[in-house]
Number of protein chains: 2
Amino acid sequence: MTLPLKHFFELPEGILYLDGNSLGPLPKGVAEKVQAAVMQEWGETLIGGWNQCGWMAQPGRVGDRVGRLIGAPEGSVVMGDTLSIKVFQALAAALAMRPDRRVILSDTGNFPTDLYMAEGLIALKNAGYTLRTVAPEDVADAIDHQTAAVMLTEVDYRTGRKHDMTEITRRAQDAGAVMIWDLAHSAGALEVDLTAAGCEFAVGCTYKYLNGGPGAPAFIYVRPDLTLKVEPALAGWLGHRAPFDFDPSYTPAPSVERMRVGTPPVLQMTALEEALKLWDDVDMAELRQTSLALSEMFIAEVEAGCPDLQLVSPRDGAQRGSQVSFAFEHGYAAMQALIARGVIGDFRAPDVMRFGFTPLYLDENDVRAAAAILTEVIRDGLWDDPAYQRKGAVT
Amino acid sequence: MTLPLKHFFELPEGILYLDGNSLGPLPKGVAEKVQAAVMQEWGETLIGGWNQCGWMAQPGRVGDRVGRLIGAPEGSVVMGDTLSIKVFQALAAALAMRPDRRVILSDTGNFPTDLYMAEGLIALKNAGYTLRTVAPEDVADAIDHQTAAVMLTEVDYRTGRKHDMTEITRRAQDAGAVMIWDLAHSAGALEVDLTAAGCEFAVGCTYKYLNGGPGAPAFIYVRPDLTLKVEPALAGWLGHRAPFDFDPSYTPAPSVERMRVGTPPVLQMTALEEALKLWDDVDMAELRQTSLALSEMFIAEVEAGCPDLQLVSPRDGAQRGSQVSFAFEHGYAAMQALIARGVIGDFRAPDVMRFGFTPLYLDENDVRAAAAILTEVIRDGLWDDPAYQRKGAVT
């Protein structure tokens, strides 16, 4: 492999896409596979597709593909639903494993839906649970013998700050807490080794760095020794041991398939399954090193030209995911100007401009060009200049 | 409109498809729309698709389309997730509305996942709840002042038996219970008027009679006067009042959008949205009458030729949905023989052969041909005759 792998993607002309941390671009081959799933599979095999086209086995099969990217063994990851639902499943299972504890610990940088799902679960259980959030750097010390579960996103969606997965997992488990990692900004972005980390659960989405498409299904990992102990809170029929026995009582499948809920979204699964194939050619260590090099080049060039921008991402690459964020008072307008010039990043309230560095389809020239446009916008105060925006894409 | 509307569907040659109650066939135009969603929307607008292509508003927009088919006003239905998840949401909300009651009442003919999701919710709440199931005909009399929620599927997936939605809703509400209807085998199959029925919640799937494709998203209806009272148990970020404020605390949207959870499956939503357009041309009363006429013709022809088959569906059309089921000891093998001859129905353990009558793409000739093949298989004992199966499709 030699990065980048631009030829694997359908990238529009004139676009520098620094937002793969929000929605990955379309990999080549996906459109054809989805079309075949619609026309040949659904259209011609009809109900027979569930077996003949492998639709029923797809969530496990695709889960194994995701597992290979995050250090999870075969049979420990299954796809389905959305990340919010998977957070709920993992957290409900974790609380059931620590019935005498009442605190869920997270951090203030966690993605809001993770916190919301915890709030909802707490209300549902109505048994004195508390969601405690502390600053990211205070998490490890906040874990104590009241902590039932530690629920964190490895890479902060806003700042790119990266937790030490191994160390926090160890601290959680030393205190008897269950560890749940959300890999939304990790899977496909950096090296993850769930087996080495030893966490009980992990969840993530596939529409960011894994390029599965808008609304691609989520994943959940259950540590293999726990599989048969997890009682699914969302006890859907496709998590049943024998769904087509139509047993009136629920018996969970003797595998990670018990974390399945309802009928899987076949068209989305098909897009994702095809999108994941390109990872066969990727060395994750090389990807990570290249991403850091691109990020550092971007930081250096932007800081040289724009002293008004404040880097809100950690300066040390080892403490950062695959994205770089700058705070800027007029960040929203500036991002609109950048987008008008073909540099696609995104904005996160109140003032964060966020840029993702995915070496699958970005190289040094792209990063230099993006930094130059950002510098121009900020240095020359062009964020609210319609004439500048009308100049259109830069490349 | 004149039924059938076969020209609206991509139906394979040589197939008599009597399984639209399991997975509807591919409507024309869907493949092109999905292809455009992949190539133009995802491929070219990338992250911009959420606003520019209307992806973010799609679950509500499509919900309104479904709502028109089930007597639900605008803004009372929203799409997302799977039916299992929607059952969970409705049931959790219902229990919260009756905090002093501890019984969920359902029937033994309910689809298993509805019962499983109730079991899971009960375990999660761990507060003395009970799931009570009685025979379908005993439901109305089993409702009492302990009943928090009555949760029923209007049309029995196995027998086609149809509940009296208005009467049972009235009985439930007279006893102070909350009524939840699962419309899996109703939406697009028969006339449903949720407003007239007055039930609090309804849920359903869209891959059966609504032809949304394999894994198409589910829907949930909340009676408009309750919208602002429902506390979502699955408190996902897209149900938040302002998801992009990234508020650390959850505040539900002031609309049925609060029942949204995570990122919607855009490709599936697009397939469904296109598939729903054909309903603009359908008169539901005519559809229902035609479905009953086709069903009765099928019953008459099959019973005349196959006295060994036992009709397990109600004989009275008014008490039946859009499907007809026969019990037969060798039902599994017989269904395989039928499928080999191009007559696609399905089998539900232990001994039920199930046939759906969807006048959108079936006419009297189709039904006569299907009945003739079924008669041949049963009368001549051909269900395990490989030579017969090798004859291939009948039409």
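Bear in mind the structure is a predicted one, so any value in this text is a computation, not a measurement.

It is worth spelling out the overall build of chain A at this point. In terms of helices and strands, chain A carries 13 helices and 13 strands. Compactness check: chain A gives a C-alpha radius of gyration of 22 Å against a globular reference of 21 Å for 395 residues, within 12% of the reference. Seen along its three principal axes, the alpha-carbon backbone of chain A occupies a region of about 65 × 55 × 35 Å. Here the analysis covers contacts within chain A between residues at least 6 apart in sequence; of these, 73% occur between residues at least 24 apart.

The next thing to look at is the relation of the copies chain B and chain A. Superposing chain B onto chain A takes a rotation of 180 degrees plus a shift of 0.0 Å along the axis, which leaves an RMSD of 0.0 Å. Taken together, the rotation and translation relating the two chain copies correspond to the operation of a two-fold axis. Taking C-alpha positions as reference, the residue of chain B nearest the rotation axis is K125 of chain B, located at 2.4 Å.

Residue and element names in this part refer to chain B. Taken in spatial order, the four strands make up an open sheet running β9-β10-β13-β12, and their pairing is antiparallel. Bordering the open sheet on either side are β9 (310–311) and β12 (346–348), each of which pairs with just one other strand. Bridge analysis of β9 against strand β10 (residues 323–327) gives two bridges, and the strand direction is antiparallel. Its bridge partner being in β10, L311 is matched across the sheet by F326. Across the face of the sheet, helix α10 (residues 284–305) comes into contact with β9, β10 and β13 (352–356) while running at roughly 20 degrees to β10.

Take the packing of helix α3 (residues 58–69) of chain A against helix α9 (residues 266–275) of chain A next. All names here are of chain A. Put simply, α3 and α9 touch, their axes get as near as 10 Å, and they point 25 degrees apart. Classified by the angle between their axes, α3 and α9 sit roughly parallel to one another. Here α3 and α9 pass one another in a crossing that is left-handed. Two secondary-structure elements touch here, α3 through Q58, P59 and V62 and α9 through V266, M269, L272 and E273. When its residues are assigned to classes, the contact of α3 with α9 shows five nonpolar, one polar and one charged.

This part is about the interface of chain B and chain A. Often, the extent of an interface is quoted as the loss of accessible area on bringing the components together. The interface is formed by 73 residues belonging to chain B together with 73 residues belonging to chain A. Secondary-structure elements contributing two or more residues to the side of chain B that touches chain A are α1 (30–45), α4 (83–97), α5 (112–125), α9 (266–276) and β12 of chain B. If you tally residues by element for the side of chain B that touches chain A, the top one is α5 of chain B, at 10 residues.

This part takes up the sheet that holds strand β7 (residues 201–204) of chain A. All names here are of chain A. What the seven strands build is an open sheet, ordered β2-β8-β7-β6-β5-β3-β4; its pairing is mixed. The open sheet has two edge strands with one neighbour each: β2 (77–80) and β4 (130–134). Put simply, the sheet's adjacent strands are angled 20 degrees from each other on average, direction ignored. Strand direction decides the pairing type here: β2 and strand β8 (residues 218–222), joined by four bridges, are antiparallel. Across the sheet, residue V77 finds its bridge partner in β8, namely Y221. Lying over the sheet, helix α4 (residues 83–97) contacts β3 (103–107), β5 (147–153), β6 (178–182), β7 and β8, oriented at roughly 170 degrees with respect to β7. Packing against the sheet, helix α7 (residues 165–174) makes contact with β5 and β6, and its axis sits at approximately 155 degrees to β6.

Below, the discussion takes up the domain arrangement of chain A. Residue and element names in this part refer to chain A. When its domains are assigned, chain A resolves into domain 1 (6–26 + 283–389) and domain 2 (56–280). Put simply, the middle of domain 1 and the middle of domain 2, counted by C-alpha atoms, are 29 Å apart. On the domain 2 side, the residues contacting the 23 residues of domain 1 number 19 residues. Elements with a minimum of two residues in the side of domain 1 that touches domain 2: α10 (284–305) and β10 (323–327). Of the residues in the side of domain 1 that touches domain 2, the class split is nine nonpolar, 11 polar and three charged.

Before going further, it helps to examine the environment of A184 of chain A. Residue and element names in this part refer to chain A. Tracing the backbone shows A184 in the loop between β6 and α8 (194–197). Since 26 C-beta atoms lie within 10 Å of it, A184 is described here as buried. Non-local contacts of A184, meaning those with residues more than four positions away in its chain, are made with L83, F111, T153, G204, C205 and K208.

Residue and element names in this part refer to chain A. Assignment of secondary structure puts R101 in the loop between α4 and β3. In this structure, the C-alpha to C-alpha distance between R101 and A149, residues 48 residues apart in sequence, is 8.7 Å. In contact with R101, not counting residues within four places along its chain, are Q146, T147 and A148.

To continue, consider the nonpolar core. Side chains of nonpolar character tend, in soluble globular proteins, to be buried together. Counting residues in each nonpolar core, the largest one holds 261 residues, and the members touching the most others are L91 and I180 of chain A together with L91 and I180 of chain B. Setting aside residues up to four positions removed in sequence, L91 of chain B forms contacts with I104, M117, A118, L121, A149, M151 and I180 of chain B.

What counts and what doesn't
- Residues numbered from 1 in each chain as written.
- Chains lettered and ligands numbered in written order.
- Predicted model: local features only at pLDDT ≥ 70, side-chain atom pairs only at ≥ 80, totals over all residues.
- Helix = DSSP H or I, 4+ residues; strand = E, 2+ residues; numbered from the N terminus.
- Rg over C-alpha atoms; globule rule 2.2 N^0.38 Å.
- Contact = placed C-beta atoms within 7 Å.
- Least-squares fit on C-alpha atoms with pLDDT ≥ 70 in both.
- Pairing = 2+ DSSP bridges.
- Axes fitted to C-alpha atoms, helices over the stretch in contact; angles between N-to-C directions.
- Parallel < 35°, antiparallel > 145°, perpendicular 65-115°, else oblique.
- Left-handed = near helix turned anticlockwise from the far one by under 90°.
- Nonpolar A, V, L, I, M, F, W, Y, C, P; charged D, E, K, R; others polar.
- Domains from an automatic or database assignment.
- Buried ≥ 20, exposed ≤ 12 C-beta atoms within 10 Å, placed from the backbone.
- Core = buried A, V, L, I, M, F, W, Y, C linked by C-beta atoms within 7 Å.

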